[in-house]
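# Chains, contacts and geometry: an overview
Letter by letter, the chains look like this.
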Amino acid sequence: MLQLVRFVVALAIAAAIQVLGLEIHGGFARVADPFLIVAVFVSLPGRPVAAMFAGSATGLACDALAGGSFGLHGFANTLTAYLSARLGQRLMAQQPFQVMLLFMLAGVFQQALVTLAGFLLVADSELPELWEVLARMVSTGLGGLALALVARRFSSWLQNRNDARRGKLSMAR
Amino acid sequence: MGDRGIHALLVGLLVGQLLLLSSRPEAEGSTLERFLLGTLGPIGRTVDVMWDGTRNLGGAARNRSALAEENAYLHAEIDALHQELARLHGVEEELQRLARLSGYARRPTRGLFVADVVLVDRSSWLRTLVLHTGPSQPERNQPVVTAQGLVGRVIVPSGHYAKVQLITDRASAVSAMILRTRRQGIARGVSERGLALTLIPLQADVAIGDLVVTAGIDGVFPRGIPIGTVVSVESSQGFFHDIRLEPAVDFGLLDQVYVLSLETIPDELQEVWDASAR
(Lines give C-alpha, C1' and ligand atoms only; values in the text may rest on other atoms or scores of the structure.)
Protein backbone atom coordinates (compact mmCIF):
# COMPACT_ATOMS: atom_id res chain seq x y z
CA MET A 1 0.00 0.00 0.00
CA LEU A 2 2.84 2.37 0.87
CA GLN A 3 4.47 1.62 -2.48
CA LEU A 4 1.23 2.48 -4.24
CA VAL A 5 0.91 5.76 -2.35
CA ARG A 6 4.51 6.65 -3.24
CA PHE A 7 3.85 5.87 -6.88
CA VAL A 8 0.71 8.03 -6.97
CA VAL A 9 2.63 10.90 -5.37
CA ALA A 10 5.43 10.46 -7.91
CA LEU A 11 2.86 10.54 -10.73
CA ALA A 12 1.35 13.75 -9.37
CA ILE A 13 4.81 15.32 -9.13
CA ALA A 14 5.55 14.28 -12.71
CA ALA A 15 2.31 15.96 -13.86
CA ALA A 16 3.24 19.10 -11.91
CA ILE A 17 6.72 19.14 -13.47
CA GLN A 18 5.22 18.72 -16.95
CA VAL A 19 2.89 21.70 -16.44
CA LEU A 20 5.62 23.84 -14.86
CA GLY A 21 8.05 22.94 -17.61
CA LEU A 22 5.55 24.03 -20.27
CA GLU A 23 4.92 27.27 -18.37
CA ILE A 24 8.63 28.05 -18.39
CA HIS A 25 9.22 27.05 -21.99
CA GLY A 26 6.70 25.98 -24.60
CA GLY A 27 9.09 23.39 -26.01
CA PHE A 28 9.55 21.50 -22.73
CA ALA A 29 7.53 18.46 -23.87
CA ARG A 30 9.85 18.04 -26.87
CA VAL A 31 12.94 17.60 -24.70
CA ALA A 32 11.74 15.97 -21.48
CA ASP A 33 9.30 13.34 -20.27
CA PRO A 34 8.87 13.26 -16.47
CA PHE A 35 6.31 10.45 -16.74
CA LEU A 36 8.82 8.14 -18.41
CA ILE A 37 11.38 8.86 -15.69
CA VAL A 38 8.90 7.70 -13.04
CA ALA A 39 8.10 4.52 -15.02
CA VAL A 40 11.76 3.57 -15.49
CA PHE A 41 12.55 4.40 -11.85
CA VAL A 42 9.94 1.83 -10.76
CA SER A 43 11.61 -0.69 -13.13
CA LEU A 44 15.09 -0.22 -11.68
CA PRO A 45 14.86 -2.90 -8.96
CA GLY A 46 13.97 -5.42 -11.69
CA ARG A 47 10.31 -6.10 -10.91
CA PRO A 48 8.56 -6.66 -14.27
CA VAL A 49 4.97 -6.69 -12.98
CA ALA A 50 5.29 -3.43 -11.06
CA ALA A 51 7.15 -1.95 -14.03
CA MET A 52 4.38 -2.87 -16.49
CA PHE A 53 1.66 -1.30 -14.39
CA ALA A 54 3.80 1.76 -13.73
CA GLY A 55 4.46 2.08 -17.45
CA SER A 56 0.76 1.82 -18.28
CA ALA A 57 -0.28 4.33 -15.63
CA THR A 58 2.40 6.90 -16.49
CA GLY A 59 1.82 6.53 -20.21
CA LEU A 60 -1.93 6.96 -19.96
CA ALA A 61 -1.46 9.95 -17.64
CA CYS A 62 0.82 11.51 -20.26
CA ASP A 63 -1.77 10.80 -22.97
CA ALA A 64 -4.53 12.40 -20.90
CA LEU A 65 -2.62 15.68 -20.79
CA ALA A 66 -1.23 15.53 -24.31
CA GLY A 67 -2.82 15.70 -27.71
CA GLY A 68 -2.87 12.77 -30.06
CA SER A 69 -4.44 9.39 -29.51
CA PHE A 70 -5.13 8.07 -26.05
CA GLY A 71 -3.02 4.98 -25.48
CA LEU A 72 0.02 5.99 -27.54
CA HIS A 73 2.35 6.66 -24.60
CA GLY A 74 0.55 3.98 -22.57
CA PHE A 75 1.67 1.38 -25.10
CA ALA A 76 5.21 2.74 -25.39
CA ASN A 77 5.79 3.22 -21.66
CA THR A 78 4.42 -0.24 -20.79
CA LEU A 79 6.84 -1.99 -23.11
CA THR A 80 9.73 0.33 -22.21
CA ALA A 81 9.23 -0.17 -18.48
CA TYR A 82 9.00 -3.96 -18.87
CA LEU A 83 12.21 -4.14 -20.89
CA SER A 84 13.92 -1.77 -18.44
CA ALA A 85 12.95 -4.09 -15.59
CA ARG A 86 14.37 -7.10 -17.44
CA LEU A 87 17.55 -5.18 -18.19
CA GLY A 88 17.68 -4.03 -14.58
CA GLN A 89 17.49 -7.67 -13.45
CA ARG A 90 20.44 -8.59 -15.68
CA LEU A 91 22.61 -5.55 -14.97
CA MET A 92 21.77 -5.08 -11.28
CA ALA A 93 22.45 -1.39 -11.97
CA GLN A 94 23.93 0.24 -8.88
CA GLN A 95 26.63 2.53 -10.20
CA PRO A 96 25.43 6.02 -11.20
CA PHE A 97 26.75 5.58 -14.73
CA GLN A 98 24.84 2.31 -15.17
CA VAL A 99 21.65 3.88 -13.86
CA MET A 100 22.02 6.88 -16.16
CA LEU A 101 22.71 4.63 -19.13
CA LEU A 102 19.56 2.60 -18.40
CA PHE A 103 17.45 5.76 -18.31
CA MET A 104 19.01 7.06 -21.52
CA LEU A 105 18.39 3.79 -23.37
CA ALA A 106 14.82 3.79 -22.12
CA GLY A 107 14.36 7.35 -23.39
CA VAL A 108 15.55 6.49 -26.89
CA PHE A 109 13.57 3.24 -27.02
CA GLN A 110 10.36 4.93 -25.88
CA GLN A 111 10.69 7.64 -28.53
CA ALA A 112 11.23 5.00 -31.20
CA LEU A 113 8.11 3.13 -30.05
CA VAL A 114 5.99 6.30 -29.95
CA THR A 115 7.13 7.22 -33.47
CA LEU A 116 6.56 3.72 -34.83
CA ALA A 117 3.14 3.31 -33.21
CA GLY A 118 2.28 6.82 -34.33
CA PHE A 119 3.06 6.07 -37.98
CA LEU A 120 1.32 2.69 -37.92
CA LEU A 121 -1.79 3.55 -35.97
CA VAL A 122 -2.26 7.33 -35.84
CA ALA A 123 -2.90 9.61 -38.77
CA ASP A 124 -0.70 12.69 -39.19
CA SER A 125 2.24 11.48 -37.16
CA GLU A 126 5.63 13.24 -37.31
CA LEU A 127 9.23 12.08 -37.16
CA PRO A 128 11.08 13.73 -34.28
CA GLU A 129 14.17 15.75 -35.15
CA LEU A 130 17.59 14.41 -34.19
CA TRP A 131 18.24 17.14 -31.63
CA GLU A 132 14.93 16.28 -29.93
CA VAL A 133 15.91 12.62 -29.67
CA LEU A 134 19.31 13.51 -28.20
CA ALA A 135 17.87 16.11 -25.83
CA ARG A 136 15.26 13.68 -24.56
CA MET A 137 17.87 10.98 -24.12
CA VAL A 138 20.09 13.27 -22.06
CA SER A 139 17.23 14.77 -20.02
CA THR A 140 15.82 11.32 -19.23
CA GLY A 141 19.28 10.08 -18.23
CA LEU A 142 20.08 13.04 -16.00
CA GLY A 143 16.57 13.30 -14.54
CA GLY A 144 16.47 9.59 -13.80
CA LEU A 145 19.91 9.64 -12.21
CA ALA A 146 18.93 12.59 -10.02
CA LEU A 147 15.76 10.81 -8.93
CA ALA A 148 17.64 7.59 -8.18
CA LEU A 149 20.28 9.40 -6.11
CA VAL A 150 17.70 11.37 -4.15
CA ALA A 151 15.69 8.21 -3.50
CA ARG A 152 18.81 6.38 -2.34
CA ARG A 153 19.75 9.22 0.02
CA PHE A 154 16.23 9.33 1.40
CA SER A 155 16.17 5.55 1.92
CA SER A 156 19.44 5.55 3.82
CA TRP A 157 18.29 8.51 5.96
CA LEU A 158 15.07 6.64 6.75
CA GLN A 159 17.03 3.48 7.55
CA ASN A 160 19.36 5.36 9.90
CA ARG A 161 16.44 6.99 11.64
CA ASN A 162 14.68 3.66 12.12
CA ASP A 163 17.89 2.05 13.40
CA ALA A 164 18.37 4.89 15.85
CA ARG A 165 14.81 4.47 17.11
CA ARG A 166 15.25 0.72 17.53
CA GLY A 167 18.50 1.34 19.37
CA LYS A 168 16.76 3.74 21.77
CA LEU A 169 13.90 1.29 22.35
CA SER A 170 16.24 -1.60 23.15
CA MET A 171 18.21 0.62 25.53
CA ALA A 172 14.96 1.69 27.19
CA ARG A 173 14.09 -1.97 27.84
CA MET B 1 4.16 -14.93 -10.72
CA GLY B 2 6.04 -17.11 -13.18
CA ASP B 3 7.48 -16.01 -16.51
CA ARG B 4 4.46 -17.27 -18.38
CA GLY B 5 2.12 -15.25 -16.24
CA ILE B 6 4.28 -12.15 -16.65
CA HIS B 7 4.35 -12.51 -20.43
CA ALA B 8 0.59 -13.03 -20.52
CA LEU B 9 0.10 -9.91 -18.43
CA LEU B 10 2.42 -7.94 -20.72
CA VAL B 11 0.56 -9.08 -23.82
CA GLY B 12 -2.75 -8.27 -22.17
CA LEU B 13 -1.67 -4.75 -21.23
CA LEU B 14 -0.18 -4.05 -24.67
CA VAL B 15 -3.25 -5.34 -26.47
CA GLY B 16 -5.41 -3.20 -24.22
CA GLN B 17 -3.37 -0.10 -25.07
CA LEU B 18 -3.53 -0.92 -28.78
CA LEU B 19 -7.30 -1.31 -28.55
CA LEU B 20 -7.50 2.11 -26.89
CA LEU B 21 -5.31 3.54 -29.65
CA SER B 22 -7.20 2.08 -32.55
CA SER B 23 -10.76 2.19 -31.27
CA ARG B 24 -13.15 4.98 -32.19
CA PRO B 25 -13.41 7.23 -29.15
CA GLU B 26 -16.78 7.92 -27.60
CA ALA B 27 -18.28 11.28 -28.35
CA GLU B 28 -16.39 12.85 -25.45
CA GLY B 29 -13.29 10.66 -25.15
CA SER B 30 -13.02 7.37 -23.27
CA THR B 31 -14.07 7.12 -19.62
CA LEU B 32 -10.47 6.48 -18.56
CA GLU B 33 -9.18 9.53 -20.44
CA ARG B 34 -11.84 11.77 -18.91
CA PHE B 35 -11.09 10.38 -15.45
CA LEU B 36 -7.35 11.02 -15.81
CA LEU B 37 -7.93 14.51 -17.22
CA GLY B 38 -10.29 15.32 -14.35
CA THR B 39 -7.77 13.98 -11.82
CA LEU B 40 -4.61 15.58 -13.24
CA GLY B 41 -6.33 18.83 -14.22
CA PRO B 42 -6.43 20.21 -10.65
CA ILE B 43 -2.71 19.46 -10.20
CA GLY B 44 -1.93 21.36 -13.38
CA ARG B 45 -4.18 24.24 -12.35
CA THR B 46 -2.51 24.51 -8.94
CA VAL B 47 0.91 24.71 -10.57
CA ASP B 48 -0.38 27.22 -13.12
CA VAL B 49 -1.88 29.47 -10.45
CA MET B 50 1.28 29.32 -8.29
CA TRP B 51 3.50 30.07 -11.28
CA ASP B 52 1.35 33.03 -12.35
CA GLY B 53 1.38 34.32 -8.77
CA THR B 54 5.17 34.07 -8.59
CA ARG B 55 5.59 35.86 -11.90
CA ASN B 56 3.15 38.62 -10.93
CA LEU B 57 4.93 39.13 -7.61
CA GLY B 58 8.28 39.46 -9.28
CA GLY B 59 6.85 41.60 -12.06
CA ALA B 60 5.12 43.97 -9.65
CA ALA B 61 8.28 44.45 -7.65
CA ARG B 62 10.31 45.19 -10.79
CA ASN B 63 7.75 47.28 -12.64
CA ARG B 64 6.23 49.23 -9.80
CA SER B 65 7.07 52.53 -11.38
CA ALA B 66 5.40 51.59 -14.67
CA LEU B 67 2.17 50.37 -13.06
CA ALA B 68 0.64 53.83 -12.61
CA GLU B 69 1.34 54.68 -16.23
CA GLU B 70 -0.17 51.41 -17.41
CA ASN B 71 -3.20 51.99 -15.18
CA ALA B 72 -3.86 55.39 -16.73
CA TYR B 73 -3.45 53.95 -20.23
CA LEU B 74 -5.91 51.14 -19.46
CA HIS B 75 -8.48 53.58 -18.07
CA ALA B 76 -8.29 55.60 -21.29
CA GLU B 77 -8.60 52.37 -23.32
CA ILE B 78 -11.71 51.35 -21.34
CA ASP B 79 -13.34 54.73 -21.95
CA ALA B 80 -12.68 54.43 -25.69
CA LEU B 81 -14.06 50.88 -25.73
CA HIS B 82 -17.21 51.99 -23.89
CA GLN B 83 -17.82 54.58 -26.58
CA GLU B 84 -17.23 52.03 -29.34
CA LEU B 85 -19.57 49.58 -27.60
CA ALA B 86 -22.32 52.22 -27.45
CA ARG B 87 -21.84 52.88 -31.16
CA LEU B 88 -22.00 49.14 -31.96
CA HIS B 89 -25.19 48.76 -29.90
CA GLY B 90 -26.76 51.36 -32.16
CA VAL B 91 -25.55 49.49 -35.25
CA GLU B 92 -26.93 46.19 -33.87
CA GLU B 93 -30.34 47.74 -33.20
CA GLU B 94 -30.47 49.17 -36.73
CA LEU B 95 -29.50 45.77 -38.19
CA GLN B 96 -32.25 44.04 -36.23
CA ARG B 97 -34.77 46.64 -37.39
CA LEU B 98 -33.72 46.18 -41.02
CA ALA B 99 -33.78 42.38 -40.61
CA ARG B 100 -37.36 42.54 -39.31
CA LEU B 101 -38.39 44.79 -42.19
CA SER B 102 -36.85 42.55 -44.83
CA GLY B 103 -37.89 39.28 -43.20
CA TYR B 104 -34.24 38.11 -42.97
CA ALA B 105 -33.81 35.42 -40.29
CA ARG B 106 -30.56 36.16 -38.45
CA ARG B 107 -28.73 33.46 -36.56
CA PRO B 108 -28.94 33.94 -32.82
CA THR B 109 -25.74 35.12 -31.16
CA ARG B 110 -23.96 32.50 -29.12
CA GLY B 111 -23.29 32.65 -25.43
CA LEU B 112 -19.76 32.21 -24.19
CA PHE B 113 -17.81 31.73 -20.99
CA VAL B 114 -14.23 32.44 -20.00
CA ALA B 115 -11.79 29.61 -19.34
CA ASP B 116 -8.29 29.67 -17.87
CA VAL B 117 -5.46 27.97 -19.71
CA VAL B 118 -3.86 25.33 -17.48
CA LEU B 119 -1.43 23.79 -19.92
CA VAL B 120 -0.49 24.55 -23.51
CA ASP B 121 1.85 22.38 -25.51
CA ARG B 122 2.12 24.07 -28.86
CA SER B 123 5.45 22.82 -30.13
CA SER B 124 5.53 19.04 -29.97
CA TRP B 125 3.58 17.13 -32.60
CA LEU B 126 1.01 16.24 -29.95
CA ARG B 127 -0.22 19.84 -29.70
CA THR B 128 -2.84 20.40 -27.07
CA LEU B 129 -4.40 22.83 -24.67
CA VAL B 130 -6.01 22.04 -21.31
CA LEU B 131 -8.52 24.51 -19.89
CA HIS B 132 -10.18 25.06 -16.54
CA THR B 133 -13.69 26.26 -17.30
CA GLY B 134 -14.64 27.42 -13.81
CA PRO B 135 -18.30 26.85 -12.92
CA SER B 136 -19.24 26.10 -16.55
CA GLN B 137 -19.31 22.58 -17.91
CA PRO B 138 -17.59 22.22 -21.27
CA GLU B 139 -19.02 20.10 -24.06
CA ARG B 140 -17.33 18.37 -26.97
CA ASN B 141 -16.88 20.44 -30.15
CA GLN B 142 -17.37 23.79 -28.43
CA PRO B 143 -15.27 26.34 -30.32
CA VAL B 144 -12.48 28.01 -28.35
CA VAL B 145 -11.53 31.54 -29.35
CA THR B 146 -9.73 34.64 -28.16
CA ALA B 147 -10.23 38.26 -29.11
CA GLN B 148 -7.58 37.70 -31.82
CA GLY B 149 -9.17 34.68 -33.42
CA LEU B 150 -9.73 30.95 -33.47
CA VAL B 151 -7.83 28.68 -31.08
CA GLY B 152 -9.46 25.28 -31.58
CA ARG B 153 -12.28 23.09 -30.30
CA VAL B 154 -12.99 21.04 -27.20
CA ILE B 155 -12.30 17.35 -27.82
CA VAL B 156 -12.37 15.84 -24.32
CA PRO B 157 -14.49 17.51 -21.64
CA SER B 158 -14.08 16.24 -18.08
CA GLY B 159 -15.90 17.98 -15.26
CA HIS B 160 -14.58 21.53 -15.21
CA TYR B 161 -11.58 20.71 -17.38
CA ALA B 162 -11.36 20.35 -21.11
CA LYS B 163 -8.74 19.25 -23.60
CA VAL B 164 -8.69 21.35 -26.75
CA GLN B 165 -7.42 20.45 -30.19
CA LEU B 166 -5.52 23.43 -31.53
CA ILE B 167 -6.09 24.53 -35.12
CA THR B 168 -2.34 24.01 -35.66
CA ASP B 169 -2.73 20.31 -34.79
CA ARG B 170 -2.07 18.15 -37.83
CA ALA B 171 -5.40 16.37 -37.33
CA SER B 172 -7.35 19.64 -37.27
CA ALA B 173 -9.41 20.80 -40.26
CA VAL B 174 -11.53 23.98 -40.26
CA SER B 175 -13.77 25.20 -43.06
CA ALA B 176 -12.27 28.54 -44.03
CA MET B 177 -12.96 31.45 -46.34
CA ILE B 178 -10.76 34.17 -47.81
CA LEU B 179 -12.58 37.26 -46.60
CA ARG B 180 -11.76 39.45 -49.62
CA THR B 181 -12.94 37.02 -52.31
CA ARG B 182 -15.26 34.70 -50.29
CA ARG B 183 -13.40 31.71 -51.78
CA GLN B 184 -13.80 28.72 -49.47
CA GLY B 185 -11.27 26.07 -48.53
CA ILE B 186 -10.01 24.01 -45.57
CA ALA B 187 -7.47 25.31 -43.05
CA ARG B 188 -5.26 22.49 -41.74
CA GLY B 189 -2.54 22.50 -39.14
CA VAL B 190 0.93 21.74 -40.47
CA SER B 191 3.41 22.83 -37.81
CA GLU B 192 3.87 24.71 -34.58
CA ARG B 193 3.41 28.09 -36.20
CA GLY B 194 1.78 27.27 -39.48
CA LEU B 195 -1.50 26.52 -41.12
CA ALA B 196 -2.15 25.48 -44.68
CA LEU B 197 -5.19 26.62 -46.65
CA THR B 198 -6.08 23.78 -48.98
CA LEU B 199 -8.53 23.19 -51.84
CA ILE B 200 -8.09 26.68 -53.30
CA PRO B 201 -7.95 26.22 -57.10
CA LEU B 202 -5.10 27.66 -59.14
CA GLN B 203 -7.45 30.09 -60.92
CA ALA B 204 -8.66 31.56 -57.62
CA ASP B 205 -7.62 35.07 -56.63
CA VAL B 206 -5.52 34.93 -53.46
CA ALA B 207 -2.79 37.30 -52.34
CA ILE B 208 -0.33 37.60 -49.49
CA GLY B 209 -1.96 39.54 -46.67
CA ASP B 210 -5.48 38.21 -47.29
CA LEU B 211 -7.41 37.56 -44.08
CA VAL B 212 -8.87 34.06 -43.73
CA VAL B 213 -11.89 33.49 -41.49
CA THR B 214 -14.10 30.55 -40.60
CA ALA B 215 -16.68 29.78 -43.28
CA GLY B 216 -19.24 28.40 -40.85
CA ILE B 217 -20.16 25.37 -42.95
CA ASP B 218 -18.52 22.58 -40.94
CA GLY B 219 -21.17 22.57 -38.21
CA VAL B 220 -18.63 23.35 -35.49
CA PHE B 221 -17.23 26.86 -35.91
CA PRO B 222 -19.52 29.82 -36.57
CA ARG B 223 -18.80 32.05 -39.52
CA GLY B 224 -16.45 34.98 -39.36
CA ILE B 225 -13.83 34.06 -36.71
CA PRO B 226 -10.33 35.06 -37.87
CA ILE B 227 -8.10 32.06 -38.52
CA GLY B 228 -5.00 33.67 -39.95
CA THR B 229 -3.34 35.71 -42.66
CA VAL B 230 -1.91 34.45 -45.95
CA VAL B 231 1.91 34.60 -45.81
CA SER B 232 2.84 32.62 -48.91
CA VAL B 233 1.14 31.48 -52.10
CA GLU B 234 2.83 28.97 -54.36
CA SER B 235 1.50 27.19 -57.38
CA SER B 236 1.88 23.48 -56.99
CA GLN B 237 1.91 20.94 -59.81
CA GLY B 238 -1.64 19.90 -58.98
CA PHE B 239 -4.90 21.78 -59.25
CA PHE B 240 -4.65 23.81 -56.06
CA HIS B 241 -2.50 26.56 -54.61
CA ASP B 242 -0.03 25.77 -51.84
CA ILE B 243 -1.03 28.48 -49.35
CA ARG B 244 0.47 29.01 -45.91
CA LEU B 245 -1.21 31.04 -43.18
CA GLU B 246 0.15 32.79 -40.10
CA PRO B 247 -2.34 32.03 -37.29
CA ALA B 248 -4.23 35.02 -35.94
CA VAL B 249 -3.66 33.81 -32.39
CA ASP B 250 -0.23 33.73 -30.73
CA PHE B 251 -0.44 30.40 -28.89
CA GLY B 252 2.56 31.31 -26.77
CA LEU B 253 0.62 34.11 -25.09
CA LEU B 254 -2.56 32.22 -24.25
CA ASP B 255 -3.74 32.86 -20.72
CA GLN B 256 -7.51 33.08 -20.94
CA VAL B 257 -9.79 32.01 -23.74
CA TYR B 258 -13.49 32.12 -24.53
CA VAL B 259 -15.50 28.96 -25.06
CA LEU B 260 -18.53 29.44 -27.29
CA SER B 261 -21.72 27.61 -26.44
CA LEU B 262 -23.05 25.18 -28.99
CA GLU B 263 -25.91 26.51 -31.02
CA THR B 264 -29.16 24.87 -30.09
CA ILE B 265 -30.95 23.33 -33.03
CA PRO B 266 -34.49 24.71 -33.38
CA ASP B 267 -37.09 22.19 -32.26
CA GLU B 268 -38.90 22.33 -35.60
CA LEU B 269 -35.75 21.37 -37.50
CA GLN B 270 -34.87 18.60 -35.03
CA GLU B 271 -38.36 17.13 -35.53
CA VAL B 272 -37.87 17.11 -39.31
CA TRP B 273 -34.47 15.36 -38.99
CA ASP B 274 -35.86 12.82 -36.54
CA ALA B 275 -38.83 12.10 -38.83
CA SER B 276 -36.62 11.57 -41.89
CA ALA B 277 -34.28 9.32 -39.89
CA ARG B 278 -37.14 6.96 -38.94
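Once that is clear, we can look at the overall build of chain A. The secondary structure content of chain A amounts to seven helices and zero strands. Going from N to C terminus, chain A has its helices and strands arranged as α-α-α-α-α-α-α. Within chain A, buried positions represent 48% of all 173 residues. Here chain A carries 13 positive and 8 negative side-chain charges, and the mean point of each set is 26 Å from the other.

Taken together, the contacts link 42 residues of chain A with 41 residues of chain B. Surface buried jointly by chain A and chain B totals about 3900 Å² across both partners, of which 72% is contributed by carbon and sulfur atoms. On the chain A side of the contact with chain B, Leu65, Phe70 and Glu126 of chain A bury the most area, a combined 17% of that side's loss. Run the count over chain A and chain B and you get one salt bridge. The partner of Arg86 of chain A in a salt bridge is Asp3 of chain B, and the shortest N-O contact between them spans 3.3 Å.

We now examine the sheet that holds strand β6 (residues 173-178) of chain B. Residue and element names in this part refer to chain B. Strands sit in the order β6-β7-β8-β11-β10-β9 around a closed barrel of six strands; the barrel is antiparallel. Averaged over all pairs of adjacent strands, the angle between strand axes in this sheet comes to 40°, irrespective of strand direction. Here strand β10 (residues 226-235) runs beside strand β11 (residues 241-247); their pairing, made up of seven bridges, is antiparallel. Residue pairing across strands places Glu234 opposite Asp242, the latter belonging to β11.

This next bit is on the pairing of β11 of chain B. Residue and element names in this part refer to chain B. Judged by which residues are buried, β11 turns out to be one-sided: His241, Ile243, Leu245 and Pro247 face inward and are buried, whereas Asp242, Arg244 and Glu246, on the alternate face, are not. As paired strands, strand β8 (residues 195-198) and β11 are joined by three bridges and run antiparallel to one another. When the sheet's bridge partners are listed, Leu195 is paired in β11 with Leu245. Adjacent in sequence and paired antiparallel, β10 and β11 are bridged by five residues.

On to the pattern of salt bridges. For the structure shown, the criterion picks out nine salt bridges over all chains. One salt bridge in this structure joins Arg30 of chain A and Glu132 of chain A, with 2.7 Å as the shortest N-O distance. Here Arg30 of chain A is found in helix α2 (residues 28-31), whereas its partner Glu132 of chain A is found in helix α7 (residues 130-172), with 102 residues between them in sequence. Take Arg30 of chain A: its relative accessible area is 16%, and that puts it in the buried class. Residue classification places Glu132 of chain A among the buried residues on the basis of a relative accessible area of 10%. One salt bridge connects Glu33 of chain B with Lys163 of chain B, and the closest N-O pair in it is separated by 2.8 Å. Placement of Glu33 of chain B in helix α2 (residues 31-62) and of Lys163 of chain B in strand β5 (residues 161-166) is noted, with a sequence separation of 130 residues between them. Looking at Lys163 of chain B, the relative accessible area reads 1%, which means it is buried. Linked through salt bridges whose partners overlap, the residues forming this network are Arg30, Glu129 and Glu132 of chain A.

In this section: the environment of Arg182 of chain B. Residue and element names in this part refer to chain B. With respect to the helices and strands, the residue Arg182 is situated in the loop between β6 and β7 (184-189). Separated by 70 residues in the primary sequence, Arg182 and Leu112 have C-alpha atoms spaced 27 Å apart. In contact with Arg182, not counting residues within four places along its chain, are Met177 and Arg223.

Here we take up the sheet that holds strand β12 (residues 256-260) of chain B. Here we have six strands rolled up into a closed barrel, ordered β1-β2-β5-β4-β3-β12 (chain B), and antiparallel in their pairing. Taking each pair of neighbouring strands and ignoring which way they run, the sheet shows an average axis angle of 40°. Helix-sheet contacts for helix α4 (residues 48-65) of chain A involve β1 (112-121), β2 (128-132) and β5 of chain B, and the interaxial angle to β5 of chain B is about 70°.

For chain B, the mean per-residue pLDDT works out to 83, and 85% of the residues sit at or above 70. In the predicted assembly, ipTM is 0.81 and pTM is 0.78.

Moving on, we come to the packing of helix α1 (residues 2-24) of chain A against α4 of chain A. Residue and element names in this part refer to chain A. Two elements in contact, α1 and α4, have axes separated by 11 Å at closest approach and are oriented at 30°. Between α1 and α4, the angle is such that the two are roughly parallel. The hand of the α1/α4 crossing is right-handed. Every residue of α4 that contacts α1 at Phe7, Leu11 and Ala15 is listed here: Ala54, Ala57, Thr58, Ala61 and Leu65. Of the residues that constitute the contact of α1 with α4, the class distribution is seven nonpolar, one polar and no charged.

Let's shift gears to the side chain of Ser175 of chain B. All names here are of chain B. Position of Ser175 among the secondary structure elements: in strand β6. Among the residues examined, Ser175 registers a relative accessible area of 6% and is labelled buried. When neighbours within four sequence positions are excluded, Ser175 is seen to be in contact with Gly185, Ile186, Val213, Thr214, Ala215, Gly216, Ile217, Asp218 and Ile227.

Conventions adopted
Residues numbered from 1 in each chain as written. Chains lettered and ligands numbered in written order. Predicted model: local features only at pLDDT ≥ 70, side-chain atom pairs only at ≥ 80, totals over all residues. Heavy atoms only, no water. Helix = DSSP H or I, 4+ residues; strand = E, 2+ residues; numbered from the N terminus. Buried < 20%, exposed > 50% of the residue type's maximum accessible area, 1.4 Å probe, protein only. Lys, Arg positive; Asp, Glu negative; His and termini not counted. Charge placed at Lys NZ, Arg CZ, Asp CG, Glu CD. Contact = heavy atoms within 4.5 Å. Buried area = accessible area lost by both parts, 1.4 Å probe. Salt bridge = Lys/Arg side-chain N within 4 Å of Asp/Glu carboxyl O. Pairing = 2+ DSSP bridges. Axes fitted to C-alpha atoms, helices over the stretch in contact; angles between N-to-C directions. pLDDT = per-residue confidence, 0-100. Parallel < 35°, antiparallel > 145°, perpendicular 65-115°, else oblique. Left-handed = near helix turned anticlockwise from the far one by under 90°. Nonpolar A, V, L, I, M, F, W, Y, C, P; charged D, E, K, R; others polar.

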